[in-house]
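Structural description and commentary
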Amino acid sequence: MANNPYDEMFRDIARLMEKILSEMPQSDPKIIGFTIIGGLPEGTSYPEFAEDEDGESDVEVVEGDDCIYITAMADARADGAPYVTFQEDSVTLCTGGDEETVIDLDCEIDILHSFYNVQHGVIDAVCPKKSAPGEVARS
């Protein structure tokens, strides 16, 4: 099996990210997700992005002080485009095709200022938490 000429570069980037992440303060995370996807060797089938053997899904939900961050893999083989819809207490995620996943949230979000981005096969959604009446929203 031939080596991918970029394998060494990907290993160097992964080592660099490990070093950066290990030196960051634990209380102040700034990186939500990190993925390097290299080309598949010739003749290899496309990987399946479903629940793994531990029952973990491919949707990552991280709650911060002011926002909820949702990250998922988009299905490049699906017919439809990936999208996210926001409700006050839930987010509906479609990674492509017809199947949707509803993610119930523990708090209300500001629908008007929530947004998502699909780039390089990854969906990132940012949901600012709704301020309580009389509370000033943090910036």
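Residues numbered from 1 in each chain as written. Predicted model: local features only at pLDDT ≥ 70, side-chain atom pairs only at ≥ 80, totals over all residues. Heavy atoms only, no water.

Judged by nonpolar contacts, the single largest core of 14 residues is most densely connected at Ile 70, Val 84, Phe 86, Val 91, Ile 109 and Cys 127. Counting only elements with at least two residues in this core, the list comes to β2 (67-73), β3 (83-86), β4 (90-94) and β7 (122-128). Here Ile 109 is in contact with Ile 68, Phe 86, Gln 87, Glu 88, Ser 90, Val 91, Ser 114, Cys 127, Pro 128, Lys 129 and Lys 130, once residues within four sequence places are set aside. (Core = buried A, V, L, I, M, F, W, Y, C linked by side-chain atoms within 4.5 Å. Buried < 20%, exposed > 50% of the residue type's maximum accessible area, 1.4 Å probe, protein only. Helix = DSSP H or I, 4+ residues; strand = E, 2+ residues; numbered from the N terminus. Contact = heavy atoms within 4.5 Å.)

Here we come to the side chain of Thr 71. Among the secondary structure elements, Thr 71 is positioned in strand β2. Side chain to side chain, Thr 71 and Asp 124 meet in a polar contact 2.9 Å long. (Polar contact = N/O pair within 3.5 Å; in protein donor to acceptor, adjacent residues only side chain to side chain.)

Turning to its location among the elements, Ala 72 is positioned in strand β2. In sequence terms Ala 72 and Ala 125 are 53 residues apart; their C-alpha atoms lie 8.9 Å from each other. What Ala 72 contacts, discounting residues up to four positions off in sequence, is Asp 58, Val 59, Leu 93, Thr 95, Gly 121, Val 122 and Ile 123.

Pairing within the open sheet is antiparallel, and its 4 strands lie in the order β1-β2-β7-β6. Both outer strands of the open sheet, β1 (59-63) and β6 (115-119), are each paired with one neighbouring strand and no more. Mean inter-strand twist for the sheet, computed between neighbouring axes without regard to direction, equals 15 degrees. As defined by bridge partners, β2 adjoins β7 across 7 bridges and the pair is classed as antiparallel. Residue Tyr 69 lies in a different strand from β7, and its bridge partner there is Val 126. (Pairing = 2+ DSSP bridges. Axes fitted to C-alpha atoms, helices over the stretch in contact; angles between N-to-C directions.)

Here we take up the pairing of β4. By the criterion of burial, β4 is predominantly enclosed, with 5 of the 5 residues buried. Strand direction decides the pairing type here: β3 and β4, joined by 4 bridges, are antiparallel. By the bridge assignment, Thr 85 is partnered in β4 with Thr 92. In textbook terms, the turn of a hairpin is the stretch between consecutive antiparallel strands, and for β3 and β4 this stretch comprises 3 residues. Sheet topology note: the β4/strand β5 (residues 101-104) ladder contains 4 bridges and is antiparallel. Bridging from a neighbouring strand, Leu 93 pairs with Thr 101 of β5. Between β4 and β5, which pair antiparallel in sequence order, lie 6 residues; one of them, Gly 96, sits at a positive phi of approximately 130 degrees.

This part covers unusual backbone geometry. In the Ramachandran plot, His 120 falls in the positive-phi region, its phi being about 55 degrees despite a non-glycine side chain. Residue position: His 120 is located in the loop between β6 and β7. Owing to a relative accessible area of 69%, His 120 belongs among the exposed residues under this scheme.

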